[in-house]
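One letter stands for each residue in the lines below.
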Amino acid sequence: MTKRTPVSAPARDKATEGLMHYVEGHGLKAGDRLPSERELCARIGVSRTALRGAVAHLRSRHLLVSKVGSGTYVAPQRPINVMGRTFDFSEAVRQVGREPSSRVVHAEVVFADEGLAEHLEVPAGELLFHLQRVRLADGEPLIIDDSYVDRTLCPGVEDHDFSQLALYEVLLDEYDISVVYSMERVTVGHLTQGEASLLDAEPGEPVLVLDGIERSTDDVVVEYLHSVTLPGRYRIASLTSL
């Protein structure tokens, strides 16, 4: 009878498992620095080549982050937007223990071109409220949101300070408009120069592009949302993938 030779796990897999065990076993949190390569190799019992492969793998999963000249750190938890649910950025950020904020880039009244008119189911030339914000967690930019709202439903909405106020709260509290239903589509794109500047990222970096139609309780289109998200900083998931 031929004796089977045990199959050992690849060195990178062993290093990856060892790194995760170290992080969990030592209770490391987001922002905590890992020990030096030499110390980790000794603790886990792997080569530097295997350890570097494991670190690169965990960086690609956005679990670790490396800073040149500083070391490797546990990455911040990424907030998550579940498609098909009414979007609440602030709640998603707070759920992972981070502080949400918004930086308003544009808050203006514009005319609906044919594309926007089709999305919002209004005549071309209708007045819309355009709100562009950079959404941040602990001061780190995650998303660029472009919201277009049918201004006939909420005249004067542009007078509010949306760096401090949530759009949906203003719509509900002052105009009795409740957004309850969403249809969204996500595609993959790349950052333009202007988007990269707003997100403190590199032009051409891969991003998730979300287009959503948000409807009220009486099935009226309230908002067309176009957002650009850095997947390394924020997650988008479907209900079936949770």
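Because the structure is a prediction, the values reported are computed rather than measured.

## Some details on a negative patch on the surface
Part 1 of the reasoning: A contiguous patch of negative charge on the surface is contributed by Asp88, Glu91, Glu169, Asp173 and Glu174.
Part 2 of the reasoning: It is helix α6 (residues 167-175) that contributes the most residues to the negative patch, three residues altogether.

## A few points about the pairing of strand β8 (residues 206-216)
Part 1 of the reasoning: Across the eleven residues of β8, ten count as buried, placing the element largely inside the fold.
Part 2 of the reasoning: In terms of strand pairing, strand β7 (residues 179-190) meets β8 through eleven bridges, oriented antiparallel. In the sheet register, His190 faces β8, and the bridge partner there is Pro206.
Part 3 of the reasoning: Judged from the eight bridges that link them, β8 and strand β9 (residues 221-229) form a sheet pairing that is antiparallel. In the sheet register, Arg215 faces β9, and the bridge partner there is Val221.
Part 4 of the reasoning: Between β8 and β9, which pair antiparallel one after the other, the connecting turn spans four residues, and Asp219 there sits at a positive phi close to 65°.

## Considering the layout of surface pockets
One water molecule sets the probe size; rolling that probe over the atoms shows where empty space is left.
Part 1 of the reasoning: By volume, the largest pocket amounts to about 620 Å³.
Part 2 of the reasoning: Asp88, Ser90, Arg135, Ala166 and Leu167 are, among the 29 residues lining the largest pocket, the residues nearest its centre.
Part 3 of the reasoning: Of all elements in the fold, only α4 (89-94), β4 (100-111), β5 (127-137), β6 (140-150), α6 and β9 reach the threshold of two or more residues within the lining of the largest pocket.
Part 4 of the reasoning: Looking at the lining of the largest pocket residue by residue, the classes come out as twelve nonpolar, eight polar and nine charged.
Part 5 of the reasoning: For the second largest pocket, the calculated volume is near 480 Å³.
Part 6 of the reasoning: Breaking the lining of the second largest pocket down by element, the ones donating at least two residues are β1 (64-67) and β2 (71-74).
Part 7 of the reasoning: With three residues, the single largest contributor to the lining of the second largest pocket is β1.
Part 8 of the reasoning: Grouping the constituent residues of the lining of the second largest pocket by class yields ten nonpolar, four polar and seven charged.

## Details of helix α2 (residues 37-44)
Part 1 of the reasoning: Buried within α2 we find Leu40, Cys41 and Ile44. Looking down the long axis of α2, one finds its buried residues gathered within 100° of arc, a one-sided arrangement. Opposite the packed face of α2, turned more than 90 degrees from it, sit the exposed residues Arg38 and Ala42.
Part 2 of the reasoning: Lining the buried residues of α2 we find α1 (11-25) and α3 (48-60).
Part 3 of the reasoning: The positive-phi residue at the C-terminal boundary of α2 is Gly45, with phi of around 80°.

## Comments concerning the nonpolar core
Part 1 of the reasoning: The biggest cluster of nonpolar side chains holds 17 residues, and the ones touching the most others in it are Leu19, Leu28, Leu34, Leu40, Ile44, Val46 and Leu51.
Part 2 of the reasoning: Of all the secondary-structure elements, those providing two or more residues to this core are α1, α2 and α3.
Part 3 of the reasoning: A per-element tally of this core places α3 first, with five residues.
Part 4 of the reasoning: With near-sequence residues (within four places) excluded, Leu19 lies in contact with Leu34, Leu40, Ile44, Leu51, Ala54, Val55, Leu58 and Leu64.
Part 5 of the reasoning: Formed by 13 residues, the second largest nonpolar core is a distinct cluster that contains Val149, Leu171, Tyr175 and Ile177.

## As for the environment of Pro231
Part 1 of the reasoning: With respect to the helices, strands and loops of the structure, Pro231 is situated in the loop between β9 and β10 (235-237).
Part 2 of the reasoning: Taking the relative accessible area as the measure of exposure, Pro231 reaches 26% and is therefore partly exposed.
Part 3 of the reasoning: Distance from Pro231 to His26, taken between C-alpha atoms, is 27 Å for residues 205 residues apart in sequence.
Part 4 of the reasoning: If near-sequence neighbours (up to four positions away) are discounted, Pro231 is found in contact with His62, Arg78, Pro206, Val207 and Leu208.

The rules behind the values
- Residues numbered from 1 in each chain as written.
- Predicted model: local features only at pLDDT ≥ 70, side-chain atom pairs only at ≥ 80, totals over all residues.
- Heavy atoms only, no water.
- Patch = residues over 30% accessible without salt bridge, like charges linked within 9 Å, V, L, I, M, F, W, Y side chains within 5 Å.
- Areas by Shrake-Rupley, 256 points an atom, 1.4 Å probe, with all protein chains shown as cover.
- Salt bridge = Lys/Arg side-chain N within 4 Å of Asp/Glu carboxyl O.
- Lys, Arg positive; Asp, Glu negative; His and termini not counted.
- Charge placed at Lys NZ, Arg CZ, Asp CG, Glu CD.
- Helix = DSSP H or I, 4+ residues; strand = E, 2+ residues; numbered from the N terminus.
- Buried < 20%, exposed > 50% of the residue type's maximum accessible area, 1.4 Å probe, protein only.
- Pairing = 2+ DSSP bridges.
- 1 Å grid on protein atoms, 1.4 Å probe; cavity = no way out; pocket = protein on both sides within 12 Å on 5 of 7 lines; lining within 4 Å.
- Points joined across faces, edges and corners; volume = space filled by probe spheres on them.
- Nonpolar A, V, L, I, M, F, W, Y, C, P; charged D, E, K, R; others polar.
- Arc of directions from axis to C-beta.
- Contact = heavy atoms within 4.5 Å.
- Core = buried A, V, L, I, M, F, W, Y, C linked by side-chain atoms within 4.5 Å.

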